[in-house]
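Now for the letters of each chain:
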Amino acid sequence: MGHLILLLRPGFLGFKNRLSRAHGSGFKKPAFMGVLGLVFGLVLFVLSSRVLVYFQSVEMIGDLLAKELLSMVFLTFFSLLIFSNIITALSTLYLSKDLEFCHSVPVSVEVLFAARAFSTFLNSSWMALIFAVPILGAYGYVYAPGVGFYLNLLHLMLALGLIASGLGILLTMILVHIFPAQRTRDVILLLSILMVVGLYLLFRFLRPERLVDPETALSVMHYVSALKTPDSPYLPTHWITEILWGCLEGSERGGEVFYVLLTWSTALALLVFNIWTASFIYFGGFSKAQEAKKRLMGGKRVLELLIRVVTKPFKADLSVMMAKDMRVFFRDNTQWSQLLLLSALVVVYVYNFKVLPLEKSPLPLDFLQNGLAFLNMGLAGFVLAAVGVRFVFTAVSAEGEAFWILRSSPMRLKRYLWGKHFFFLVPMLFLGLVLIVVTNNFLEATRFMMLLSSGTMFLMVAGIVSLGIGFGAMYPRFDHENIGQVATGFGGLLYMMVSALFIGAVVVLEAGPVYLLFMSEMKGRPISTLERIYMISSFSGVLVLISAAVLKPMSMGLKALEETRKGQ
Amino acid sequence: MIELINLSKRYKSLRAVDGINLEIKQGARFGFLGPNGAGKTTTIKMMAGVLMPTDGRIIINGHDLAKDPVAAKQCVGFIPDRPFLYEKLTGLEFLHFIAGLYGLNNNGKLNHRINDLLDLFGLGRWGEELIEGYSHGMKQRLVMCGALVHRPKVLIVDEPMVGLDPRGARLVKNIFKEQVENGVTLFMSTHSLDVAQEICDEIAIIQGGRLIAQGTGESLRRKAGVDGNLEEAFLRLTEEKEDLHGSPDSSVAPRLSGV
């Protein structure tokens, strides 16, 4: 036990030191993130409460829907926690820089594993558990159960976290044991991402919206019986839902104690089983993960051809930089596998427009089609910003600790940043235009709307890319272990917020003139001089805004990157 | 040639480098010594353009690094103490990347130069392998290839022997000597006094961010008042300062014996 506490101490001390040494601006980031988290939690609480109040108003099936939702919430959190634990366990158990030292000290493998497993559990669970609070709090608010609900909630969430952590860590250990060491990380990441993409697409194509549309069921009875079908009784989420639902209904059904015992015995049994398994396979896996990596490079010819085509118009310095970025991107599975996630996102986005039940709407069809086509501009912009935070925002940080090479080279930072900008502009433009053109075709939008949204998207993409590069340069993280961490940090969050504001402002500025044009065409009414002035100034405003979004973040990013040369 | 004029670097209240003045002639082999935390790496990073000085100027081959960084950096080959590289590139790709940054066109001449360098540093058969498969010493040698690929006039080197085996160390020393014979100016920081003694014709010692001594090995020994090797001179020269700052000195060993 003494060793276990000793091994956990550096983590706690590091956390304590970070807090105690944060002065002035050091507090700004956590405070900002805290306020943002609170606002998000509050919004989630209000939305969840409204949904539950609505469910309560639905006769016969209201409570069934609420219970189904509770079960889905737990299932979602459980899946997310397992996924998060797999990713974290890879780092904490096999790839962290301090592991070599930890394995060299005279501590048993079991104790070292237990300490690392505990860190994995803490690091990967806290955020998911915190976000569960507003949703589960809404259940408490709407159903007003006794104190038993909250007490059960506390220990059951802990048990759920432990089970998810146990499963995630066990899966990681087994995969590391099976696959060749040099492929471990890639294989796990690829499998996890494929799993997420598969589940995501499956979920989307099942069209869960039909569940809340009883009209589509053959009959109400059929619908109710579908809802009453229990999820798998072997899942811990089922046990927890049953216990908490009993508390919410205030009814003693007798099975709760059994389910509590089942949940906790599973959590503790997994803990013991994992430590036992670790004593056999953990050190072997860690040792394999240290072995030198040599990789066969498939598809080299295609990549080289692509590089030649892309870099041809550029001078030697930009050309080698782009070639380097492309090689690194396609050889780093943690990078390109994200393309799978992105593809799933795009497919689902486009599919949503295909299945929109426009004909059921009470609004005129052409108004709705063009209104949606207009809003689509904003939505596609958000999709691009989401893609941007993964790839464009991380572009500067992706240089990692090799950034000294560019620093000490004769290439100017301004040229470097604009080189990155052009590198990402083309694929982002392609993606943006595909999103707009395909979805507008599904909506059968007018030629004017197609031209307007394509033109706006064309210009907006330049702004989104600039924001990505600029914010990436303002908040670089060269010492990351995994580039995925960079996108989810403070800078990434700020980039997403500013991008959302930018996209929203463009849409708002264009909304007025577009409405006027559309109404004048529909009603055959001429446009007055005042309206013309208004339209011209609005579109000019859009151009000014986009120009500012293209230029300002780049200059701010450049300045910030120059500032980092001053050191701490 | 290299000129450091009143070069300073402050980190909040700490003066890491405090008003250094140096003039190093073309073709010189200049050693930069000092205890841990003396300011060697900070000085070198400023000279490589990686870190911005708080005060002072750096002139490299007549180009002011602050005013004309592109021209100044074009003359420099920089070898840092830790070889952080793009792990997903092969050795060959990395060298082509570096060459491109220095504006060299990708042609047969460049390919020849890169292959020669890889062979020279014993990396010929590793050129097509990903850097992530290289050992620390191999990465260090690859960085050296990169520093030489554009035929620099000034080589700035931070702790070159770290991670090299004896054969690698011997090779590197010979290459440095050869470069200097061809007119390259060498500025090298090292902890190894043997290396400094063997390679450098002039040595400066920095401590607490300030230059405390400068000259040939012989003149440093005279200044320290010792007849022995450079190590004794170094210890004597840095001793006084250490005592003033209350840092551990050579008398620490007896005190530790009871621990």
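Note that the structure is predicted; figures quoted are calculated from it, not measured. (Residues numbered from 1 in each chain as written. Chains lettered and ligands numbered in written order. Predicted model: local features only at pLDDT ≥ 70, side-chain atom pairs only at ≥ 80, totals over all residues.)

Of regular secondary structure, chain B possesses 10 helices and 10 strands. In terms of overall dimensions, chain B is globule-like: its C-alpha atoms have a radius of gyration of 19 Å, near the 18 Å expected for 259 residues. If one aligns the C-alpha atoms of chain B with their principal axes, the spans along those axes are about 60 × 45 × 35 Å. Buried residues in chain B amount to 46% of all 259 residues. Taking all contacts inside chain B whose residues are at least 6 apart in sequence as the whole, residues at least 24 apart take part in 67%. (Helix = DSSP H or I, 4+ residues; strand = E, 2+ residues; numbered from the N terminus. Rg over C-alpha atoms; globule rule 2.2 N^0.38 Å. Buried ≥ 20, exposed ≤ 12 C-beta atoms within 10 Å, placed from the backbone. Contact = placed C-beta atoms within 7 Å.)

Counting its secondary structure elements, chain A contains 21 helices and 0 strands. Counting all 568 residues of chain A, 33% fall into the buried class.

It is worth spelling out the interface of chain A and chain B at this point. Facing 26 residues of chain A, the contacting portion of chain B comprises 29 residues. Elements with a minimum of two residues in the side of chain A that touches chain B: helix 12 (316-331) and helix 16 (403-408) of chain A. Among the elements that make up the side of chain A that touches chain B, the one with the highest residue count is helix 12 of chain A (8 residues). Counted by class, the side of chain A that touches chain B contains 8 nonpolar, 5 polar and 13 charged residues. (Nonpolar A, V, L, I, M, F, W, Y, C, P; charged D, E, K, R; others polar.)

Residues and elements named next belong to chain B. Ordered in space as 6-7-8-3-9-10, the 6 strands form an open sheet in which the pairing is mixed. Each of the sheet's edge strands pairs with one partner strand only, and the pair in question is strand 6 (76-79) and strand 10 (210-215). Averaged over all adjacent pairs, the angle separating strand axes in this sheet is 15°, with direction ignored. The pairing of strand 6 with strand 7 (residues 154-158) spans 4 bridges and is parallel. By the bridge assignment, Val76 is partnered in strand 7 with Val154. Running over the sheet, helix 8 (residues 217-224) touches strand 9 (202-207) and strand 10 and is turned about 115° from strand 10. (Pairing = 2+ DSSP bridges. Axes fitted to C-alpha atoms, helices over the stretch in contact; angles between N-to-C directions.)

Its identity is not glycine, yet A:Ala144 carries a phi of approximately 45°, on the positive side. Within the secondary structure, A:Ala144 is located in the loop between helix 5 (109-143) and helix 6 (147-178). The class of A:Ala144 is exposed, set by 10 C-beta atoms lying within 10 Å. The backbone of B:Asn61 sits at a positive phi, close to 50°, despite the residue not being glycine. Its place among the elements puts B:Asn61 in the loop between strand 4 (55-60) and strand 5 (63-64).

Our next topic: the packing of helix 6 of chain A against helix 10 (residues 256-289) of chain A. Residue and element names in this part refer to chain A. Closest axis-to-axis distance for the helix 6/helix 10 pair is 8 Å, and the angle between their directions is 30°. Looking at the two axes, helix 6 sits roughly parallel to helix 10. Viewed along their axes, helix 6 and helix 10 form a crossing whose handedness is left-handed. In terms of residue class, the contact of helix 6 with helix 10 is built from 17 nonpolar, 8 polar and no charged. (Parallel < 35°, antiparallel > 145°, perpendicular 65-115°, else oblique. Left-handed = near helix turned anticlockwise from the far one by under 90°.)

Ordered by their spatial adjacency, 4 strands build an open sheet running 2-1-4-5 (chain B), and the pairing between neighbours is antiparallel. Unpaired on one side and paired on the other, strand 2 (14-24) and strand 5 of chain B mark the two borders of the sheet.

Below, the discussion takes up helix 17 (residues 413-443) of chain A. Residues and elements named next belong to chain A. Between the first and last C-alpha of helix 17 there are 44 Å, a value that for 31 residues agrees with the 45 Å anticipated at 1.5 Å per step. Within helix 17, the axis deviates most sharply at Leu425, by approximately 30°, and proline Pro427 lies no more than four positions further along. Glu444 occupies a position one or two residues after helix 17 and carries a positive phi of about 55°. (Expected span 1.5 Å × (residues − 1). Bend = angle between axes of the 7 residues up to and from the residue.)

Moving residue by residue along a regular strand, the side chains alternate between the two faces of the sheet. Residues and elements named next belong to chain B. The element strand 7 is extensively covered by neighbouring structure, given that 5 of its 5 residues are classed as buried. Here strand 7 shows a buried face lined by Val154, Ile156 and Asp158 and a second buried face lined by Leu155 and Val157. As paired strands, strand 7 and strand 8 (residues 185-189) are joined by 5 bridges and run parallel to one another. The residue of strand 8 that forms the bridge with Val157 is Met188. In this fold, strand 7 hands off to helix 6 (residues 166-181), which returns the chain to strand 8; that crossover is right-handed. (Right-handed = clockwise from strand over helix to strand, strands pointing away.)

This brings us to helix 20 (residues 490-523) of chain A. Since there are 3.6 residues in each turn of an α-helix, residues three or four apart along the chain are aligned in direction. All names here are of chain A. Between its terminal C-alpha atoms helix 20 stretches 49 Å, which fits the 50 Å expected from 34 residues at 1.5 Å a residue. If you look at helix 20, its biggest bend is around 35°, right at Ala511, and the proline Pro513 turns up within four residues after that. Those residues of helix 20 that sit buried are Gly491, Gly492, Tyr495, Met496, Ser499, Phe502, Ile503, Val506, Leu509, Glu510, Pro513 and Val514. Trailing helix 20 by a residue or two, Gly524 shows a phi angle of about 65°, which is positive.

The next thing to look at is the packing of helix 5 of chain A against helix 6 of chain A. Residues and elements named next belong to chain A. Close contact between helix 5 and helix 6 brings their axes to 9 Å; oriented N to C, the two are set at 140°. Along this stretch, helix 5 crosses helix 6, giving a crossing that reads as right-handed. Residue-level contacts link Ala117, Thr120, Phe121, Ser124, Ser125, Leu129, Ala132, Leu136 and Gly140 of helix 5 to Phe149, Tyr150, Leu153, Met157, Gly161, Leu162, Ser165 and Ile169 of helix 6. Taken together, the residues of the contact of helix 5 with helix 6 sort by class into 11 nonpolar, 6 polar and no charged.

If you look at the biggest cluster of nonpolar residues, it comprises 142 residues, and the most contacted ones within it are B:Phe94, B:Leu142, B:Cys145, B:Ile156, B:Leu186 and B:Phe187. It is helix 18 (residues 447-474) of chain A that provides the largest number of residues to this core, a total of 12 residues. Among all residues touching B:Phe94, those that are not within four sequence positions of it are B:Leu85, B:Tyr86, B:Leu89, B:Ile131, B:Leu142 and B:Gly146. In this structure, A:Phe149, A:Ala159, A:Ile243 and A:Phe286 belong to the second largest nonpolar core, which totals 50 residues. (Core = buried A, V, L, I, M, F, W, Y, C linked by C-beta atoms within 7 Å.)

On to the pairing of strand 3 (residues 29-33) of chain B, then. Residues and elements named next belong to chain B. When you tally the buried positions in strand 3, you get 5 out of 5 residues, the bulk of the element. With burial as the criterion, each face of strand 3 is covered, one bearing Arg29, Gly31 and Leu33 and the other bearing Phe30 and Phe32. Where strand 3 meets strand 8, 4 bridges bridge the pair, whose relative direction is parallel. By the bridge assignment, Phe30 is partnered in strand 8 with Phe187. Summarising the sheet, strand 3 and strand 9 pair through 4 bridges and their orientation is parallel.

The topology assignment puts A:Trp264 in helix 10. Note: C-alpha distance between A:Trp264 and A:Leu160 (104 residues apart in sequence) is 8.7 Å.

This brings us to the confidence of the model for chain B. All names here are of chain B. Predicted confidence across chain B gives a mean pLDDT of 87, with 92% of residues reaching 70 or more. Below pLDDT 50 for its whole length, residues 246-255 participates in 5 contacts with residues either more than four positions away or in separate chains. Of the two predicted TM-score estimates for the complex, the pTM is 0.75 and the ipTM is 0.80. (pLDDT = per-residue confidence, 0-100.)

Right, let's get into the environment of A:Phe131. Inspection of the secondary structure assignment puts A:Phe131 in helix 5. Sequence separation between A:Phe131 and A:Ser71 is 60 residues; the distance between their C-alpha atoms is 16 Å.

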